[in-house]
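Now for the letters of each chain:
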Amino acid sequence: MAGQQEIPWQRIRKAGIVGVPPRAVIGALNAHGVEIHDLDEPLVRANLATATPFLPTVYCAILRTAVVNALHCQLDAVFIDIGPGKCDAARYTAQILAQQLTIPVITTENTDRERLGNPISESGLPLVEKLQRITAGVRVAEPPADPPPFVAPTASFWGVPPRDFAILELFPATTHVHGWTRCMENKTPADHELEMVVNTEVPTVFFAQSFCAKTALARHLAKRHPHGLYLDVDAHTTASAKAKIQAFLELSGATL
Amino acid sequence: MKLGDFGTSYTKLLDLANAGCAPEIVPTKDLPPDLTVDLATGHNGKRCASRYVNELIALARGGERLIARPDFLLLDCGSRDIKFVRMHGGRLKDMGWNAECGASMGFTIELLERYYNLDRQKMSVPTQTFSVTCGVLGMSDIFDAVIAGVPVAEAVARFVRGIAINAHRFAGEPDLLYLSGGLCDHPVFIRSFPCEVVPLGRFVLLNGLAAIATREKPQTS
């Protein structure tokens, strides 16, 4: 839940969120009719370098994006999760934002354990649409009412939603989603047991943002997986990263 | 069918209609601007062909054709980057493509040898090495060594050895590796690897294109 901070609901019409705040917080934002913006996604045209006065250049591109958004979007408050479902980097970013912004920066610690399922992760939607739906789901407390049907997987994407969705375009629609993105859909971002679930039967790309602590877990799981590829990407997908995914999927027989 | 491996420094061309002819090697900077082929790979290939195959796929298919074993590690050291595929039981087990941190090492070797007028066939394998992470940083080591009195040929050889050790580590430190690319004809480079090396020459990717063209393996685009 939110910490000890008092939340001035009457003054909040437009709020930014970073990470996955608890369902109770999202539910309260929904109940107060607050317009929610997911600051983890690129929302403004401003260059990532505008975050440099506040965060080092060599730092998680998601959090740098969140800072750029927080600086440029006209928000009334920021809710940033710093619990076990997020990271220390977000904790420090919250401190920095609290000192730089004139609006309330409210920290939360999401320890939700109620599993709401993964129909999107296991559907036949294109992978880009899967992740768009999952990340959009962060802004509402309830799971979608019309879950898509299950398809058998031929590949898997494990990891966090990348800052640059371009890499997702290379995967077949029969790609299942694992890792923290699966936890997001399940609305249990701190469920490390679920995050560790992999499908050893299909080729799996283990993805993490460069400079994120999850690179260690992604690489570790990829090494143990019988058919895994570890990949980290910073702000933008490089040609060599795209080529690696394309070659991995093609040589594994899991292409479109 | 015309095939082209459009590398950063050199382009390798082969016409499958001329069976028995050796591939042609042309400096990429000297290519006619209107040159086109049917199937291409390499950094500069996309704009020169109707169909493009990514380099890792071409490398893997070329390795399957030339090595003809279910288990192998094939490392390609190009002008601009290094990349490898590791096959196990006929399936892809691991791969890597180092285009940024390991950049321009092959290009830098050629540049230095031309600048200092060195014959790579006459260079000796040095006992010392530089810790090389990329061509640009490696050059600073060479200049520092020359300033400190190390003969130019020795300094460049240390750089070459550093690249080999770095490439071996990048490929996962195998006991045996198959080598692809223009550095296959560099004695110091070959002998600097701390493992057994089987050089396959600079036409491995072209062989991969040929394998794809003749449908030995599923096609890609």
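Residues numbered from 1 in each chain as written. Chains lettered and ligands numbered in written order. Predicted model: local features only at pLDDT ≥ 70, side-chain atom pairs only at ≥ 80, totals over all residues.

**Re the sheet that holds strand β1 (residues 14-18) of chain A**
Residues and elements named next belong to chain A.
Then, in step 1: Across the sheet, which stays open at both edges, the four strands sit in the order β2-β1-β3-β4 with parallel pairing between neighbours. In this open sheet, the two strands that pair with only one neighbour each are β2 (35-38) and β4 (105-108). Going across the sheet, the axis of each strand differs from the next one's by a mean of 25 degrees, ignoring polarity.
Then, in step 2: The pairing of β1 with strand β3 (residues 77-81) spans four bridges and is classified as parallel. Each bridged residue has a counterpart across the sheet, and for alanine 15 the counterpart in β3 is alanine 77. (Pairing = 2+ DSSP bridges. Helix = DSSP H or I, 4+ residues; strand = E, 2+ residues; numbered from the N terminus. Axes fitted to C-alpha atoms, helices over the stretch in contact; angles between N-to-C directions.)

**Digging into the pairing of strand β5 (residues 155-159) of chain A**
Residues and elements named next belong to chain A.
Then, in step 1: Counting buried positions along β5 yields five of five residues, so the element is predominantly enclosed.
Then, in step 2: Burial of the side chains of β5 extends over both faces: Ala155, Phe157 and Gly159 are buried on one face and Ser156 and Trp158 on the other.
Then, in step 3: The pairing of β5 with strand β6 (residues 175-178) spans four bridges and is classified as parallel. Looking across to β6, one finds that serine 156 is bridged to histidine 176.
Then, in step 4: When β5 meets strand β7 (residues 204-209), the two strands line up parallel, connected through four bridges. Among the inter-strand pairings, glycine 159 is bridged to a residue of β7, identified as phenylalanine 207. (Buried ≥ 20, exposed ≤ 12 C-beta atoms within 10 Å, placed from the backbone.)

**Observations concerning the interface of chain A and chain B**
Much of the literature gives interface size as the accessible area that the parts lose upon coming together.
Then, in step 1: Counting residues at the interface gives eleven residues for chain A and ten residues for chain B.
Then, in step 2: With eight residues, helix α8 (residues 239-251) of chain A is the single largest residue contributor to the side of chain A that touches chain B.
Then, in step 3: Here the residues of the side of chain A that touches chain B are counted per class, giving five nonpolar, four polar and two charged. (Contact = placed C-beta atoms within 7 Å. Nonpolar A, V, L, I, M, F, W, Y, C, P; charged D, E, K, R; others polar.)

**Notes on the nonpolar core**
Then, in step 1: Counting residues in each nonpolar core, the largest one holds 125 residues, and the members touching the most others are A:Val78, A:Phe206 and B:Leu75.
Then, in step 2: A per-element tally of this core places helix α4 (residues 152-170) of chain B first, with eight residues.
Then, in step 3: If you count residues domain by domain, this core takes at least three from each of domain 1 (9-108) and domain 2 (127-251) of chain A.
Then, in step 4: When near neighbours in sequence (up to four residues on either side) are disregarded, A:Phe206 contacts A:Trp158, A:Gly159, A:Ala218, A:Leu221, A:Ala222, A:Gly228, A:Leu229, A:Tyr230 and A:Leu231. (Core = buried A, V, L, I, M, F, W, Y, C linked by C-beta atoms within 7 Å. Domains from an automatic or database assignment.)

**Overview of unusual backbone geometry**
Residue and element names in this part refer to chain A.
Then, in step 1: If you check the backbone angles, lysine 187 has positive phi at about 60 degrees while not being a glycine.
Then, in step 2: Looking at the secondary structure, you find lysine 187 in the loop between α5 (180-186) and α6 (192-195).
Then, in step 3: Notably, phenylalanine 211 is not glycine yet its phi reads approximately 70 degrees, a positive angle.
Then, in step 4: Tracing the sequence through the fold places phenylalanine 211 in the loop between β7 and α7 (214-224).

**So, the confidence of the model for chain B**
Residues and elements named next belong to chain B.
Then, in step 1: Mean pLDDT for chain B: 88, with 93% of residues reaching 70 or above.
Then, in step 2: For residues 217-221, every residue scores under 50 in pLDDT, and the model assigns this stretch ten contacts once sequence neighbours within four places are set aside.
Then, in step 3: Among the scores for the predicted complex, ipTM is 0.76 and pTM is 0.84. (pLDDT = per-residue confidence, 0-100.)

**Looking at the sheet that holds β7(A)**
Residues and elements named next belong to chain A.
Then, in step 1: Read from one edge to the other, the open sheet built from four strands follows the order β6-β5-β7-β8, with strand pairing classed as parallel. Here the strands that pair on one side only, and so sit at the sheet edges, are β6 and β8 (228-233). Direction aside, the axes of adjacent strands within the sheet are offset by 20 degrees on average.

**Description of the domain arrangement of chain A**
Residues and elements named next belong to chain A.
Then, in step 1: Assigned domains within chain A: domain 1 (9-108) and domain 2 (127-251).
Then, in step 2: Computed from C-alpha atoms alone, the centre-to-centre distance between domain 1 and domain 2 is 23 Å.
Then, in step 3: Taken residue by residue, the interface counts 21 residues in domain 1 and 16 residues in domain 2.
Then, in step 4: Those elements that place two or more of their residues in the side of domain 1 that touches domain 2 are α1 (23-31), β2 and α2 (61-72).
Then, in step 5: Looking at the side of domain 1 that touches domain 2, the element that brings in the most residues is α1, giving four residues.

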